[in-house]
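Observations on chain architecture
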Amino acid sequence: MSDDDQRDQTPAEPAQAPSGPARADGPEPEPIRFFGTTWVNHDGGYALLRVGLAVGSLVTAVAAAVLLRLAYEGLEIGNVGPFLSISVVVLFAIASSIAFVKTWDSFNRRPAPSSDEAALKGLKTIGFIGSLIAYFLRCLAEAPGEKLRRAEYERARAEFARRRSTRTGNPAARRPKKKK
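Each value, and the rule that gives it
Residues numbered from 1 in each chain as written. Predicted model: local features only at pLDDT ≥ 70, side-chain atom pairs only at ≥ 80, totals over all residues. Heavy atoms only, no water. Phe/Tyr/Trp six-rings, centres within 6.5 Å; stacked < 30°, edge-to-face > 60°. Helix = DSSP H or I, 4+ residues; strand = E, 2+ residues; numbered from the N terminus. Buried < 20%, exposed > 50% of the residue type's maximum accessible area, 1.4 Å probe, protein only. Lys NZ or Arg CZ within 6 Å of the ring centre and 35° of its normal. Core = buried A, V, L, I, M, F, W, Y, C linked by side-chain atoms within 4.5 Å. Contact = heavy atoms within 4.5 Å.

1. Some points on the packing of aromatic side chains
- The tally for this structure, following the rule as stated, stands at 5 aromatic pairs.
- Between the aromatic rings of F100 and W104, the centroid separation amounts to 5.9 Å while the plane-to-plane angle is 15°, which identifies the pairing as stacked. Here W104 and F100 lie together in helix α3 (residues 82-106), a separation of 4 residues that amounts to about one turn.
- The class for W104 is partly exposed, based on a relative accessible area of 28%.
- When the centroid spacing of 6.4 Å and the interplanar angle of 70° are considered together, the rings of W104 and F107 count as edge-to-face.
- Put simply, the rings of F100, W104, F107 and Y135 touch in pairs and so form one group of aromatic residues.
- The ring of W104 carries R138 above its face, with NZ or CZ at 4.4 Å from the centroid.

2. Regarding unusual backbone geometry
- One non-glycine residue, H42, adopts positive backbone phi at about 55°.
- The topology assignment puts H42 in the loop between α1 (3-9) and α2 (46-77).
- Although it is not a glycine, N79 adopts a positive phi angle of roughly 55°.
- Tracing the backbone shows N79 in the loop between α2 and α3.
- By relative accessible area, N79 is classed as exposed at 68%.

3. Observations regarding the nonpolar core
- Counting 14 residues, the largest nonpolar core has F35, W39 and Y135 as the members making the most contacts within it.
- Those elements that provide at least two residues to this core are α2 and α5 (128-141).
- Per-element tally for this core: the top contributor is α5, with 4 residues.
- Apart from the residues within four sequence positions on either side, Y135 is in contact with R33, F34, F35, L53, S57, F107 and P144.

Below is the structure:
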């Protein structure tokens, strides 16, 4: 019998249970990118993360603006004409404003399943400076998307508490009603 045959006949290892005890105390909060679940209790370096991400997004937006300025100067050196130069500036301004609005809205509500978010993905990529500025401004107040997720989490916890409080025990363990 070869080694391959022996490996095929060895029993599979049992599936490992998730680490930690099973939680029966309610719904789990949804993690936010870069913050995880620190937004729930504002612990685990939450304030430091907010400051760091705000500064990081602002520095990245400024660096991108400088890079776009250099690209614009390249167009001027290339002597492409005023129409193309103005078109590029207007394109980036419109794309950045749309990206800002869409990013800002995404912090307050979830997109509809059939929304135009996929169609605007390219436009949001072009206007990435607007997205970075929206992220910076939101980090000044809270973790981006925290308000939305907190409302959903509180609603889920209230619903869980309501469901748990209406239970009266195991119906199979109830005593049969006495007949008169």
